[in-house]
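Structural description and commentary
What follows is the residue order along each chain.
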Amino acid sequence: MATLTSAQAALDLVARLRTSFDSGHTRSREWRRNQLLALRRMITENERDIEAALMADLGKPAVESQITEIGFVLGEIDHTLKHFAGWMKPQRVRVPAALIPASARVVPEPLGVALIIAPWNYPFQLALAPLIGALAAGCAVVVKPSEISGATSNLLARLVADYLDTSAVAVVEGAAAETGWLLEARWDHILYTGNERVARIIAQAAAKHLTPTTLELGGKSPTFVDDTTDMAAAATRIAWGKFVNAGQTCVAPDYVLVTPSARADLERELVGAVSRMFGTEPSKSKSYARIINESHFERLSALLGSGRNILGGKPDKKTRYFPPTVLADESADSAVMKDEIFGPILPMIEVVDHREAIAFITARPKPLALYVFSESAEVRRDFMNQTSSGALGFNVPLAHMSVHDLPFGGVGMSGSGAYHGKRSFDIFSHAKAVLSKPLRPETLGVIFPPYSRRKASLVTGALRKLS
């Protein structure tokens, strides 16, 4: 692990990793494969410790940790191990007839030294999933976990130092000061997952060196429900998507827009779904997580007091337990509708139909995810064509993240860039254009001066034709 004491220490760390990268040490397919295999071994040999760290930070049940963090990362590693050799291969492209004889190809090359800044809500998954892509691309990497999830941060720092190549991979622990020092260095790519406020700081720092960034942010991800859906099944999936990790999920359903004919049934089924998952006293459930810290607990508590409470209970500050809460008849102007909730509170707003729902959504910043529960082909088509979001899920929340070949990322205020699967490899790679043309025979004479109309006609005609 790397401990920083100053901005100069951060610069020295990055310089050390850049020396390793510049030596060509990380470029070979063997190095990349070995690092991915070592990362896999690191996880499988330490699963119980990882579960314990996530329990300490978030009260996360072991099974939930396996599903949403450990298993997710292992699946991403296995997918990458299977395909990255193919991703590394140059891709031939056709050339215009005017350039024949010639060959052209796109050659992926590692960008260099990358910085990954991870959040606290899925502190294991969101630190390591981007790292997989960076390693597969052949980059040197610094991972900066969140200090808020301190147990997981400390474990990652120790394990990465034990299992991975420390000449090219480092974990830096710490808080805002350490992040600030790291941002003073020149990076070849920065991937940040978190909130919009910090993203602006990172984008400003990156602009000094024209460093490309991938910003995975959040926002209020809406859910629409009408009476054509199977309400019991829809409510169960919405409740799961909302209350997994105690609602601390960037792509969780943030609020529900429901039609009048579906409202009463949805309310009833949500109450039933929560009872089936967590019992009548969720505080005693071994399947329900806790709020990360007292500050976030207080923030969530301040959002209560509006709407009609159809599901809830008494929060417990001492244990950081915050009950699954559903607020019906919510106002669009209430506090709970202003910012991303990032907790187990689900407000519901009644809309006349899907057109009003679409108007409501498009009047606000583009969300990271949007979920639609409707069997109407027209409704689905209109949401597909008339809304913009990082992802669109029909009849299921969150699950799009587990599809390796689907991009995970936002649009507009919910983020820029995307990763997972090959896109993780791509964001840490440069697609280098390579053209090769022999000096003989000389076929380029028609483009050399002196110019003539006849030359122009010949060249433009040939450029339109591919070999």
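Residues numbered from 1 in each chain as written. Predicted model: local features only at pLDDT ≥ 70, side-chain atom pairs only at ≥ 80, totals over all residues. Heavy atoms only, no water.

1. Focus: helix α13 (residues 377-386)
Convention followed: Only protein chains enter the accessibility calculation, which uses a 1.4 Å probe; a residue is then buried when its area is under 20% of its type maximum, exposed when over 50%, and partly exposed in between. Going along the chain from the N terminus, every DSSP run of H or I of four or more residues is numbered as a helix, and every run of E of two or more is numbered as a strand. Think of it as the arc spanned by the lines of direction from the helix axis to the C-beta atoms. When checking whether two residues touch, look at their non-hydrogen atoms; a contact exists if any pair is within 4.5 Å. By the criterion applied in these results, polar contacts are pairs of N or O atoms within 3.5 Å in which, for protein atoms, one can donate a hydrogen and the other can accept it, and in which residues neighboring in sequence qualify only through two side-chain atoms.
Buried within α13 are the following residues: V379, D382 and F383. End-on view of α13: buried residues confined to an arc of 100 degrees, all on one side of the axis. Facing away from the buried surface of α13 by more than 90 degrees, the exposed residues are A377, M384 and N385. Residues of α13 that are buried in the fold lie against β8 (222-225), α12 (354-362), β13 (369-373) and β14 (391-394). The N-cap residue of α13 is S376: its side-chain oxygen and the backbone nitrogen of E378 are 3.3 Å apart.

2. A word on the sheet that holds strand β18 (residues 429-436)
Using the following cut-off: For two strands to be treated as a pair, DSSP must find at least two bridges joining them. Note on method: axes are straight lines fitted to C-alpha atoms, helices fitted across the in-contact stretch only, with angles between N-to-C directions ranging 0 to 180 degrees.
Strand order in the open sheet formed by three strands is β1-β2-β18, with antiparallel pairing between adjacent strands. Strand pairing shows two members of the sheet lacking a second neighbour, β1 (91-93) and β18, which therefore form its edges. Recorded for the sheet is a direction-independent mean angle of 30 degrees between the axes of neighbouring strands. Both strand β2 (residues 103-110) and β18 contribute to a ladder of eight bridges, which runs antiparallel. In the sheet register, R105 faces β18, and the bridge partner there is V434.

3. Describing helix α6 (residues 150-163)
Note the threshold: Expected span of a helix, by definition, is 1.5 Å for each gap between consecutive residues, and there is one gap fewer than residues.
In a regular helix each residue adds 1.5 Å, so 14 residues correspond to 20 Å; α6 covers 20 Å between its end C-alpha atoms and thus fits that length. Every buried residue belonging to α6 is among T152, S153, L155, L156, A157, L159 and V160, and all of these are buried. On its buried face, α6 sits against α2 (29-44), α3 (47-58), α5 (125-137) and β5 (169-171).

4. Examining the pairing of strand β3 (residues 113-117)
The criterion, for reference: Handedness rule for crossovers: strands pointing away from the viewer, path from the first strand over the helix to the second running clockwise, crossover right-handed.
Buried residues dominate β3, accounting for five of its five residues. Residues V113, L115 and I117 point to one face of β3 and A114 and I116 to the other, with burial holding for every one of them. Here β3 pairs with strand β4 (residues 140-144) via five bridges, running parallel. Bridge pairing in β4 links I116 to V143. Read from β3 through α5 to β4, the crossover connection turns out right-handed. Inspection of the sheet shows β3 paired to strand β6 (residues 189-193) by four bridges, in the parallel sense. For L115, the partnering residue across the bridge sits in β6 and is I190.

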